[in-house]
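# Observations on chain architecture
Letter by letter, the chains look like this.
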Amino acid sequence: MVFIRETIRAMRMILLLWLLTAIIYPVAILGVGQFAFPSSANGSIVLNIDAQPIGSSLIGQIFTSDKYFQSRPSAVRYSQGRIARPTGISGGSNLAPSNSELTKRIIEEATQFQDENIQPAADLIYSSGSGLDPHISLKATRQQLARVAQARGIKEDEIIPLINKYTDSRFLGIFGEPGVNVLRLNYALDLQEINRQQN
């Protein structure tokens, strides 16, 4: 009799814990996220003027055209497009500094910049650990400014306000370094070009 009573009590405890941890808590967190941080809770999706998603401001993407600022190199390969859409895969290459494949890739990246007479910032040749970093440093942005302005046929001074607008400051004002959100900046450049063509 005691065994049955204890078994019933244990089952009630399991059911209560299951309700709390599998239903009530997740629904409460979801509700708070949707109410307090709706954009972040839904993936920080960036929409174009046709309300079509072009990517997430939290995920780095590959841009291949000279008209765009380039993101950090990534061991993760994204699907290609005018503005690439991420596949949702995350991860670094896990190659050791002594690995010849890593050395070869870095030398190739650095050589491309040397051909343009640029001493590249570290984040232009070294990949991020997650492969998803959406930001580049202000130095890396400035080093690409002349190329982007020339490819778009505009003055550098027309791009600088957009760089300033899409530069995220340090977290809580003290952690990390300011970084430029590449997707937002590139999309703002596209919008600027569309507006110029319409006027």
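As the structure is a prediction and not an experimental result, all values here were calculated from the model.

### Let's talk about the confidence of the model for the chain
Summing up the model confidence of the chain, the mean pLDDT is 81 and the portion of residues at 70 or higher is 89%. The element-level mean pLDDT for the chain is lowest in helix α3 (residues 100-115), coming to 79, with helix α1 (residues 2-36) highest at 91. Confidence drops under pLDDT 50 across residues 79-86; counting only partners more than four residues distant or on other chains, this segment forms 24 contacts.

### Examining α1
In this model α1 runs 48 Å from its N-terminal to its C-terminal C-alpha over 35 residues, within 8% of the 51 Å that 1.5 Å per residue would give. At leucine 20, α1 shows its maximal kink, close to 35°.

### A closer look at the packing of aromatic side chains
Applying the stated rule across the entire model yields one aromatic pair. Aromatic pair phenylalanine 63 and tyrosine 68: ring centres 5.5 Å apart, planes at 45°, arrangement tilted. Just as phenylalanine 63 is buried, tyrosine 68 falls in that class too.

### Things to note about the pattern of salt bridges
Counted by the stated rule, this structure contains six salt bridges. We note a salt bridge from arginine 9 to glutamate 6, for which the minimum N-O separation is 3.9 Å. Residue arginine 9 and its partner glutamate 6 are both found in helix α1; the two are separated by three residues, about one turn of the helix. Residue arginine 9 is classed as partly exposed on the basis of its relative accessible area of 48%. Judged by its relative accessible area of 38%, glutamate 6 is partly exposed. With a shortest N-O distance of 3.0 Å, arginine 152 and aspartate 190 are connected by a salt bridge.

### Re the nonpolar core
Most often, soluble globular proteins have nonpolar side chains that are buried together. One finds Phe69, Ile159, Leu162, Ile163, Leu185 and Leu189 to be the most contacted residues of the largest nonpolar core, which totals 29 residues. Going through the elements one at a time, α3, α4 (122-125), α5 (138-152), α6 (156-165) and α7 (182-198) are the ones with two or more residues in this core. When neighbours within four sequence positions are excluded, leucine 162 is seen to be in contact with Leu185, Ala188, Leu189 and Gln192.

### Some remarks on the packing of α5 against α7
Two numbers describe a pair of packed helices, the interaxial angle and the distance between the axes. The geometry of α5 relative to α7 is characterised by a closest axis approach of 13 Å and an angle of 25° between their N-to-C directions. In terms of their interaxial angle, α5 and α7 are classed as roughly parallel. Judged by the twist between their axes, the crossing of α5 over α7 is right-handed. Two secondary-structure elements touch here, α5 through Thr141, Val148 and Arg152 and α7 through Leu185, Asn186, Leu189, Asp190, Glu193 and Arg196. Of the residues assigned to the contact of α5 with α7, the class counts are three nonpolar, two polar and four charged.

Here is what the cut-offs are and how they apply
- Residues numbered from 1 in each chain as written.
- Predicted model: local features only at pLDDT ≥ 70, side-chain atom pairs only at ≥ 80, totals over all residues.
- Heavy atoms only, no water.
- pLDDT = per-residue confidence, 0-100.
- Helix = DSSP H or I, 4+ residues; strand = E, 2+ residues; numbered from the N terminus.
- Contact = heavy atoms within 4.5 Å.
- Expected span 1.5 Å × (residues − 1).
- Bend = angle between axes of the 7 residues up to and from the residue.
- Phe/Tyr/Trp six-rings, centres within 6.5 Å; stacked < 30°, edge-to-face > 60°.
- Buried < 20%, exposed > 50% of the residue type's maximum accessible area, 1.4 Å probe, protein only.
- Salt bridge = Lys/Arg side-chain N within 4 Å of Asp/Glu carboxyl O.
- Core = buried A, V, L, I, M, F, W, Y, C linked by side-chain atoms within 4.5 Å.
- Axes fitted to C-alpha atoms, helices over the stretch in contact; angles between N-to-C directions.
- Parallel < 35°, antiparallel > 145°, perpendicular 65-115°, else oblique.
- Left-handed = near helix turned anticlockwise from the far one by under 90°.
- Nonpolar A, V, L, I, M, F, W, Y, C, P; charged D, E, K, R; others polar.

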